[in-house]
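Single-letter residue listing:
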Protein chains: 2
Amino acid sequence: MKNSDYKKKAVDSWFSFLQSQICNEFEIIEGRRKRFVKRHWKKKRKKEGGGISYLLINGKIFEKVGVNKSTVEGKFKKDFRSKIFGASKEGKYWASGISVVAHMRNPKIPAIHFNTRFIVTGKQWFGGGIDVTPCFNDMSEKKMVHSMLKKVCIKNKKNYKKYQKWCDNYFYLPHRNEPRGIGGIFFDHETQDWVKNFKFVRELGLTFIEISKKIIDKKRKLKWSKKDKEKQLLKRGRYVEFNLLYDRGTKFGLNTGGNIESILMSLPPQANWK
Amino acid sequence: MKNSDYKKKAVDSWFSFLQSQICNEFEIIEGRRKRFVKRHWKKKRKKEGGGISYLLINGKIFEKVGVNKSTVEGKFKKDFRSKIFGASKEGKYWASGISVVAHMRNPKIPAIHFNTRFIVTGKQWFGGGIDVTPCFNDMSEKKMVHSMLKKVCIKNKKNYKKYQKWCDNYFYLPHRNEPRGIGGIFFDHETQDWVKNFKFVRELGLTFIEISKKIIDKKRKLKWSKKDKEKQLLKRGRYVEFNLLYDRGTKFGLNTGGNIESILMSLPPQANWK
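Chains are numbered independently. Their residues run from 1 in the order of the written sequence. Here chains are named by letter from A upward and ligands by number from 1 upward, in the order in which they appear as written. Note on the predicted model: pLDDT of at least 70 is required for a residue's local features to be given, and 80 or more for side-chain atom pairs to be given and counted; whole-chain, interface and lining totals, by contrast, use all residues. By convention in this description, side-chain values take in all heavy atoms of the structure and omit both hydrogens and water.

S.K.: Please explain the side chain of Lys69(A) as it appears in this structure.
M.R.: Residue and element names in this part refer to chain A. A run of DSSP states H or I qualifies as a helix once it reaches four residues; a run of E qualifies as a strand once it reaches two. Both are numbered from the N-terminal end. On the secondary structure map, Lys69 appears in strand S3 (residues 62-75). Within the structure, the side chain of Lys69 is placed 3.1 Å from the side chain of Ser16, a separation counted as a polar contact. Contacts: residue pairs with any heavy atoms within 4.5 Å of one another. Excluding residues that lie within four positions of it along the chain, Lys69 makes contacts with Asp12, Phe15, Ser16, Gln19, Gly51, Ile52, Ser96, Gly97 and Ile98. Any pair of nitrogen or oxygen atoms within 3.5 Å is treated as a polar contact; in protein, a donor-acceptor pairing is required on top of that, and neighbouring residues in sequence qualify only through side-chain atoms on both sides.

S.K.: Explain the relation of the copies chain A and chain B here, please?
M.R.: Mapping one chain copy onto the other needs a rotation about an axis and a shift along that axis. Of the two same-sequence chains, chain A is brought onto chain B (RMSD 0.0 Å, axial shift 0.0 Å) by a rotation of 180°. The relationship between the two copies is best expressed as a two-fold rotation axis. Looking at the interface residues of chain A, 100% of them are also at the interface in chain B, so both copies use one shared face. Copies are brought into register by a least-squares superposition over C-alpha atoms of residues with pLDDT of at least 70 in both.

S.K.: When you look at the environment of Val72(B) in this model, what are you seeing that I'm missing?
M.R.: Residue and element names in this part refer to chain B. One can find Val72 in strand S3 (residues 62-75). Separated by 22 residues in sequence, Val72 and Trp94 have C-alpha atoms that sit 5.9 Å apart. What Val72 contacts, discounting residues up to four positions off in sequence, is Trp41, Lys43, Glu48, Gly49, Gly50, Tyr93, Trp94 and Ala95.

S.K.: Looking at this structure, how should I read the pattern of salt bridges?
M.R.: In a structure, side chains of opposite charge can pair up when their charged atoms sit close to one another. The salt bridge criterion pairs a side-chain nitrogen of Lys or Arg with a carboxyl oxygen of Asp or Glu, the two atoms within 4 Å. Taken as a whole, this structure holds 41 salt bridges over all chains when the rule is applied. Between Lys219(B) and Asp138(B) there is a salt bridge whose closest N-O contact spans 2.7 Å. You can see Lys219(B) sitting in helix H5 (residues 194-219) and its partner Asp138(B) sitting in the loop between strand S6 (124-133) and helix H3 (139-155), a full 81 residues away along the chain. Classification of Asp138(B) as partly exposed rests on a relative accessible area of 23%. Via salt bridges that share partners, Glu27(A), Arg32(A) and Arg35(A) belong to a single interconnected network. Burial classification: accessible surface area is computed with a 1.4 Å probe over protein chains only, and a residue below 20% of its type maximum counts as buried, one above 50% as exposed, and the rest as partly exposed.

S.K.: What's the story with helix H1 (residues 3-29) of chain A in this structure? I'm lost.
M.R.: Every α-helix winds through 3.6 residues per turn, so residues three or four apart in the chain are directed the same way. An ideal rise of 1.5 Å per residue puts 39 Å on 27 residues; H1(A) measures up with 39 Å between its terminal C-alpha atoms. Count one or two residues on from H1(A) and you reach Gly31(A), which has phi positive near 70°. For a helix, the expected span equals 1.5 Å multiplied by the residue count minus one.

S.K.: Looking at this model, I keep getting lost on the environment of Tyr239(A). Mind explaining?
M.R.: Residues and elements named next belong to chain A. Summarising the element assignment, Tyr239 is placed in helix H6 (residues 226-245). By relative accessible area, Tyr239 is classed as buried at 3%. Residues Tyr239 and Ala111, 128 residues apart in the sequence, show an inter-C-alpha distance of 9.5 Å. Excluding residues that lie within four positions of it along the chain, Tyr239 makes contacts with Val101, His103, Ala111, His113, Thr133, Arg180 and Ser266.

S.K.: What am I meant to see in the packing of helix H3 (residues 139-155) of chain A against helix H5 (residues 194-219) of chain A here?
M.R.: All names here are of chain A. With axes taken as lines fitted to C-alpha atoms, and helix axes fitted only over the stretch in contact, angles between N-to-C directions fall between 0 and 180 degrees. Between H3 and H5, the least distance of the axes is 10 Å, while the angle of their chain directions is 165°. Our classification of the angle between H3 and H5 gives roughly antiparallel. The handedness of the crossing between H3 and H5 is right-handed. Along its contact with H3, which presents Ser140, Glu141, Met144, Val145, Met148, Leu149, Val152, Cys153 and Lys155, the element H5 presents Phe200, Glu203, Leu204, Thr207, Glu210, Ile211, Lys214, Ile215, Lys218 and Lys219. Should an angle fall under 35 degrees it is taken as roughly parallel, and over 145 as roughly antiparallel, whereas 65 to 115 is taken as roughly perpendicular and any remaining angle as oblique. Each crossing gets its handedness from the near helix: less than a right angle anticlockwise from the far helix is left-handed, clockwise is right-handed.

S.K.: Got a minute to help me understand the packing of H1(A) against H5(A) in this structure?
M.R.: Helices that pack against each other are described as a pair by the angle of their axes relative to one another and the distance between those axes. All names here are of chain A. The N-to-C vectors of H1 and H5 enclose an angle of 10°; their axes lie 11 Å apart at closest approach. Comparing their axes, H5 and H1 come out roughly parallel. Contacts between H1 and H5 involve Tyr6, Lys7, Ala10, Val11, Trp14, Phe15, Leu18, Gln21, Ile22, Glu25, Phe26 and Ile29 from the former and Trp194, Phe198, Val201, Arg202, Gly205, Leu206, Phe208, Ile209, Ser212, Lys213 and Ile216 from the latter. Gly is put with the polar residues, along with every residue not named as nonpolar or charged; the nonpolar set is Ala, Val, Leu, Ile, Met, Phe, Trp, Tyr, Cys and Pro, and the charged set is Asp, Glu, Lys and Arg. A breakdown of the residues in the contact of H1 with H5 according to their chemical character gives 16 nonpolar, three polar and four charged.

S.K.: Just checking my understanding: could you explain the interface of chain A and chain B for this structure?
M.R.: By a widely used convention, the size of an interface equals the accessible area lost when the partners come together. Counting residues at the interface gives 19 residues for chain A, matched by 19 residues for chain B. Counting the surface lost from both chain A and chain B, the interface buries some 1800 Å², and carbon and sulfur atoms represent 65% of this. Looking at the side of chain A facing chain B, the largest losses of area belong to Leu244(A), Leu245(A) and Trp273(A), adding up to 31% of the total buried there. Viewed at the interface, chain B and chain A are joined by two salt bridges. Linking Glu261(A) and Arg176(B) is a salt bridge whose minimum nitrogen-to-oxygen distance equals 3.5 Å. Between the two partners, chain A and chain B, sit six residue pairs in polar contact (both at pLDDT 80 or more). Only H6, helix H8 (260-263) and strand S10 (270-272) of chain A provide two or more residues apiece to the side of chain A that touches chain B. Of all the elements, H6(A) adds the most residues to the side of chain A that touches chain B, at four residues. Any two strands with at least two DSSP-identified bridges between them are counted as paired. One ladder, built from three bridges, connects S10(A) with strand S10 (residues 270-272) of chain B; its direction is antiparallel. Pairing of Gln270(A) across the sheet is with Asn272(B), part of S10(B). Buried area is understood as the total, over both parts, of accessible area removed when two parts are fitted together, assessed with a 1.4 Å probe.

What follows is the structure, given as structure tokens:
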């Protein structure tokens, strides 16, 4: 097996493992009353890969949560190549990633997003991040999230400050002059030292589970009103705007023949606009 | 006054007139129980124009309807120029347009969209269209809409077949392999014979009012169930996807410093995703 094949296999199977861990923990949070529904999909050209998506809807905690893992390959269309790091020449790519978006029933609990990916073009790199989108300010929650992310960054000699800023810049709606949420971390094009980066990516996945549990545990019992819900539904409108107007993962999926249900699984079950 | 200034003034004031006509007719449909709320906006550089938007929400018929008119000018950002007809050189533009999106309370009544515009870059041209998005098939409604559109096209020596196909191609969601609705007409870059094109644009505006009244009158008394509403909310999710992922008017607005509330007034009050 080639060195790069070994890497691909390791990454792909880690993401599968992490997916099962996340789904299991989230079902525990739901008290096993609601279960994830699993779906396989394949690209049109079957040998170009596909993915497995897990979707849980109408839970007590999770109004909708999708946990997607996909591993695909192919050639970028010509006009898309210039937009992808290292892909300008012949446009070949291999990509594997996991992404999670959780939209909560209780408006007091923020939406949580997590993604990690490994992409091979002319270059090969890791990317990913975690970010949190509350409807209500909560300084202690924000501190908790950021201190846990800082910890995993420092442990892995990653520049937390840089990743944090990157996140703030990325999850921003310029047309609204609004951040999407309270940030977190975001990184991309991490080409150096594959072993260390992969370790960081693995630990970030486990940290995501811990952060999610902490956020939810603290707030699951909080009461909420119809007005709170309305606020959440408008906030979700912003989420939809971001994902359809700007999100690079969405664009990547749409441009590489991904599965539409999986790509748009990040969209909330309901969103409102004034 | 220069010839082109005369044209601009005529177009701008026609769109203002049409806006008042549409709002008046729609308020009559509502039985004057709900009124449009009017808002002015200006671009950051005030001499680059702005617009007036009229919004009516929570009506008996219209759950949300926005009627926007704007007249703006400026210079396109460099990377946007290549996307606009006739704008490759220095990027200067002047644009005036009216657009209407009506989202109905009753899921049996389709959403209706109308837009006409006059744009001046290195070239000058009219564009616009009308299209209809039902949740339930209704052959006789579809026939009525298309025959009225055909009539106004033929009267103005416009190629109805071409415009109809253009509409089907434009209002299409490739990622879903789905049309947005039942089509209508769409045209763009009509540079020839300003006088005739302007007349066509005016008559199309009045035809839009007639079509809207006919569609609504036929269906306003129809009963609907919760299940019908759910179907409508999912259909509206598609509407959101189209407008944020593909719509050129939305992109034009976002790229020319338009008013965000007006640009996104086309979004429904509520949309769902499975």
